[in-house]
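Breakdown of the fold
Listed below, chain by chain, are the residues.
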2 protein chains.
Amino acid sequence: MNNAENKKTSIRELGKFGLIKHVTRRSNPENRSTVTGIGDDAAVIDSGQLMTLVSTDLLLEGIHFNLIYTPLKHLGYKAVIRAISDIYAMNGNPEQILISLGIGSRFTVEQIEDIYEGIYLACEKYKVDLVGGDTTSSLTGLTIGVTAIGSAEKNSIVRRDTAGTNDLICVTGDFGAAFMGLQLLERERRLFDKEKIMQPDLAGFEYVIGRQLKPEFPVKTLDELRQAGILPTSMIDVTEGVASDLIHICKLSGTGCKIFYSKVPVDYETSRVAEEFNIDPITPALNGGEDYELLFTVPPDQFEKVKMIESVKVIGYMTSSDSGYHIAGDDGSEVEITAQGWGQ
Amino acid sequence: MNNAENKKTSIRELGKFGLIKHVTRRSNPENRSTVTGIGDDAAVIDSGQLMTLVSTDLLLEGIHFNLIYTPLKHLGYKAVIRAISDIYAMNGNPEQILISLGIGSRFTVEQIEDIYEGIYLACEKYKVDLVGGDTTSSLTGLTIGVTAIGSAEKNSIVRRDTAGTNDLICVTGDFGAAFMGLQLLERERRLFDKEKIMQPDLAGFEYVIGRQLKPEFPVKTLDELRQAGILPTSMIDVTEGVASDLIHICKLSGTGCKIFYSKVPVDYETSRVAEEFNIDPITPALNGGEDYELLFTVPPDQFEKVKMIESVKVIGYMTSSDSGYHIAGDDGSEVEITAQGWGQ
C-alpha cells in the first residue's frame, strides 16, 4: 500500500469481495482458538469440544430496507434471519444473537418495540437467544447490526472453498421471488409519491412480497441432509443471487460450474411478476438476491441419495477451473453467467 | 405493549439503558450454552472448558466520530479498543474481532486501507485476530460495527451486578482527557469553518488529543490484579464517564456510592484545558466519557493489597441502596452525582 502518492481507487473497481480481500490479510493467528477467519459465512473459533461460529451483518436504511414499505416488525424478523442464515450455511446451529441499533431522533419507543417484537418472534421460531447488543443515536437513518453465534462439531462444518470438480450443485426453495417482491413494493412507492394513492393493490402478489418482507430459512433441509448421511462438500446461503453466490464458491474452491436454465427453481408468481416487468424470470433468480435459500455441492456419487430429498433440487455440476461459469439452455446453447448481485 | 392506541413515547424519556431494559425480555434461554445475556459488557456463552464472551458495538459518523479531525487510521484503531474493552471489563481475554463497514460512495479503496491499517495495528498490539465482518455500501455516513469475542474461566468472570455495600471503588488512569480533547478538536473545527485557518495550533495539547484520537486500554492492571490475587466484585469499562458508569453498577448491584472529589484522577493537561473552557475539571471526569479506563469494586479487606498496585486509585466506596449517589468535597460537603454520559 502506498498512499503517499495519494492514489484514489474507486471501490467499484474492486467490488465487495475484492475490497474485503484487498484490505484484509491472511497471517498466522495470534490466538490458538482462531480456526478460520475472513472469507466464509462465519468465523470459526475453537472452543474445545465444539467449534463456535460467529457472523456479523450490517443493515442500513436506504440500502437494505426502505421504511416506507417495510413494517418495523418484519424488519426485526428479517435481521435475525439474515444473521442466522450465515451460521446455518456453515452447517452450524445458531444459538445466540446480539443486536445493535442506531436510532434516529424521529423514532419512538413504540417503534423500537415493534422492531424487537419481530426480533423475538424470529428468535422463538429458530430457538435463538438474544444476549446483547448496543443502542446508539443516529444522525441519519436506522442502522441495525446483528451478530449471530452458533456451534458445530469440527467435522461437520461446511466451508465455501471446498467444492470439487464434478460435484453436483444443489439448491433449496426457489429464487428471484424476494427481488420481484421488492420491485413491486418500489413500483407502489413511486405511484404513491406521484399520485398519493393510499391503498396499494398487492392482491395476488402475496408470495413474492412475503419472500421480500418475511423470509424464512430452510432449516428442515439441513436436518434432512444429516438424516440422509449427506455432508455437503461446500455450502453458502443465497443472499446475492444464485449466480453471484455460486461463482463465489467456484472462485474460492478453484472450480468452474455449469447449471441448467430449466433446472433453476422459480415460483410461478415470480415468473408472472417478472413478465409484468418485462424481465426474463431467470434474471432475478440468478442475480436478484435476498432469497435466504441454501446452495451446496455434494459428490456425484450422492446423486441417488440427494434425489430422495424433496426440498432439494440439483441444478448443475462443478467443472474444472478453466471451464468458466455457464448456464445451458434446453437447446444446448450455453451462456456465461456473471456475478451481478447487489453487492451489499 | 399496546401499540394499538398509537402511543408515542420519546426515546429521550427512557434514556439508553432504560430503552434496552424496556425492549428486551429476560426469559429462560433456549440454548444451554447461553449463560448471561443483555445488561453487561459482554454476553457469556458456555463453550465447555472456557466461557466465550461476545460484545458488539456500533460507531456512527457524526455521533461517535467526525471525519474532519479524525484520521481514518486512528478511527480503525479506536474501534478495536472500544470493542475489546468490553471483553476486558468482564475480566476476559479478547481473542477475535469482526468488523463491518458501511461505506459511502465518496470513499476510496485507499481510505478503507487506512481504516484497516489502524484496525490491524490495534489487533497486533492487543493480540487479537480479525476473523470476519461485512462490507456494504451506505447512503449516508461511515458506519462501523465491531464484534469482539474473548474467553474467560467461569469463576474469573466479573459482572456489573455483583458489587457489595462497603466495597471500595477503584479506577485506573485518569478521566476527562478524551472529552476535553474532543472539545479542542471541535473548537478548531469551528474556527476552520469560520476563518478557514488551515493549520490548527494544538501544541501543548498532545495528551488530551491523544486520549481522544488514539486511546489505549489498561490491560496491565488486569494482570496486576490477577498477580495480586484480587478478583473484583464488579467491573465496567468507563466509556460514558465515571458518574454514569458507576451509577450503572450501583443500579444493577442494588447499592449507593460515595466518591471523593479530590480522589478522582484528572491529568494536569485536562485541568488546564477545562479551565480554558471555563469548566470545572470534575465535570468532564464524571460525565465526559470515552476514557477506556476500568472502574471496579473490591471488598474492603482488600484495601492493603489494592493500595500496592500503582496503576489503581481508590476513589470511594459503595453504600447502601437508599443512600443515593454522592461525591464529597474536601470540606465535607456532599453533592449528588447523576448519570449524564453521552448515552451513545
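Residues numbered from 1 in each chain as written. Chains lettered and ligands numbered in written order. Predicted model: local features only at pLDDT ≥ 70, side-chain atom pairs only at ≥ 80, totals over all residues.

This part takes up the overall build of chain A. Within chain A, the regular secondary structure consists of 10 helices and 13 strands. Among the 344 residues that make up chain A, the fraction classed as buried is 54%. Sequence-distant contacts in chain A: of pairs separated by 6 or more residues, those separated by 24 or more amount to 84%. (Helix = DSSP H or I, 4+ residues; strand = E, 2+ residues; numbered from the N terminus. Buried ≥ 20, exposed ≤ 12 C-beta atoms within 10 Å, placed from the backbone. Contact = placed C-beta atoms within 7 Å.)

Moving on, we get to the confidence of the model for chain A. With 88% of its residues at a pLDDT of at least 70, chain A reaches an overall mean of 87. Here the complex is predicted with pTM 0.86, and the ipTM for its interfaces comes to 0.83. (pLDDT = per-residue confidence, 0-100.)

Turning to the interface of chain B and chain A, a few remarks are in order. In this complex, chain B contributes 74 residues to the contact, which on the side of chain A involves 74 residues. Looking at the side of chain B that touches chain A element by element, the count peaks at nine residues for strand E5 (residues 129–137) of chain B. Taken together, the residues of the side of chain B that touches chain A sort by class into 28 nonpolar, 33 polar and 13 charged. (Nonpolar A, V, L, I, M, F, W, Y, C, P; charged D, E, K, R; others polar.)

Residues and elements named next belong to chain B. Here helix H7 (residues 242–253) contains 12 residues, and its C-alpha end-to-end distance of 16 Å stays within 8% of the 16 Å for a straight helix at 1.5 Å per residue. Counted residue by residue, H7 has nine buried out of 12 residues, so it is predominantly covered. Listed as buried for H7 are Val 242, Ala 243, Ser 244, Asp 245, Leu 246, Ile 247, Ile 249, Cys 250 and Ser 253. Contacts made by the buried residues of H7 are with strand E7 (168–172), strand E8 (234–238), strand E9 (255–260), helix H9 (282–287), strand E10 (293–298) and strand E12 (325–328). (Expected span 1.5 Å × (residues − 1).)

With that settled, consider the packing of helix H4 (residues 177–195) of chain B against helix H8 (residues 268–276) of chain B. Residue and element names in this part refer to chain B. As a packed pair, H4 and H8 sit with axes 9 Å apart at the nearest point and diverge in direction by 45°. When the interaxial angle is binned, H4 and H8 end up oblique. Both H4 and H8 take part in a crossing whose hand is left-handed. Where H4 abuts H8, its residues Ala 177, Met 180 and Leu 184 lie against Thr 270, Val 273 and Ala 274. (Axes fitted to C-alpha atoms, helices over the stretch in contact; angles between N-to-C directions. Parallel < 35°, antiparallel > 145°, perpendicular 65-115°, else oblique. Left-handed = near helix turned anticlockwise from the far one by under 90°.)

This part covers the relation of the copies chain B and chain A. Rotating chain B by 180° and translating it 0.0 Å along the rotation axis places it on chain A, where the RMSD comes to 0.0 Å. These values place the two chain copies in the arrangement generated by a two-fold rotation axis. Identified as the residue of chain B closest to the rotation axis by C-alpha distance is Ser 47 of chain B, at 2.8 Å. Comparing contact sets, 100% of the residues at the interface of chain B also lie at the interface in chain A, consistent with an isologous, same-surface contact. (Least-squares fit on C-alpha atoms with pLDDT ≥ 70 in both.)

Next up on the list: the nonpolar core. Counting residues in each nonpolar core, the largest one holds 168 residues, and the members touching the most others are Val 80 and Ile 84 of chain A together with Val 80 of chain B. The residues touching Val 80 of chain B, leaving out its near neighbours within four places in the chain, are Ile 97, Ile 119, Ala 122, Cys 123, Val 128 and Val 146 of chain B. (Core = buried A, V, L, I, M, F, W, Y, C linked by C-beta atoms within 7 Å.)

This part takes up the environment of Phe 296 of chain A. Residue and element names in this part refer to chain A. By the element assignment, Phe 296 lies in strand E10 (residues 293–298). In sequence terms Phe 296 and Ile 209 are 87 residues apart; their C-alpha atoms lie 26 Å from each other. Once residues within four sequence positions are removed from consideration, Phe 296 is found in contact with Cys 170, Pro 232, Ser 234 and Met 235.

All names here are of chain A. Side chains Thr 255, Cys 257 and Ile 259 project from strand E9 (residues 255–260) onto a buried face, and the interleaved Gly 256, Lys 258 and Phe 260 project onto a face without burial. Inspection of the sheet shows E9 paired to strand E12 (residues 325–328) by four bridges, in the parallel sense. Its bridge partner lying in E12, Ile 259 is registered against Ile 327. (Pairing = 2+ DSSP bridges.)

A few words on the packing of helix H2 (residues 72–88) of chain B against helix H3 (residues 109–125) of chain B. All names here are of chain B. Where H2 contacts H3, the axes come no closer than 6 Å and their chain directions differ by 40°. Our classification of the angle between H2 and H3 gives oblique. H3 is crossed by H2, and the crossing has right-handed handedness. Touching Leu 72, Lys 73, His 74, Leu 75, Gly 76, Tyr 77, Ala 79, Val 80 and Ile 81 of H2 are Gln 111, Asp 114, Ile 115, Tyr 116, Glu 117, Gly 118, Ile 119, Leu 121, Ala 122 and Cys 123, all from H3.

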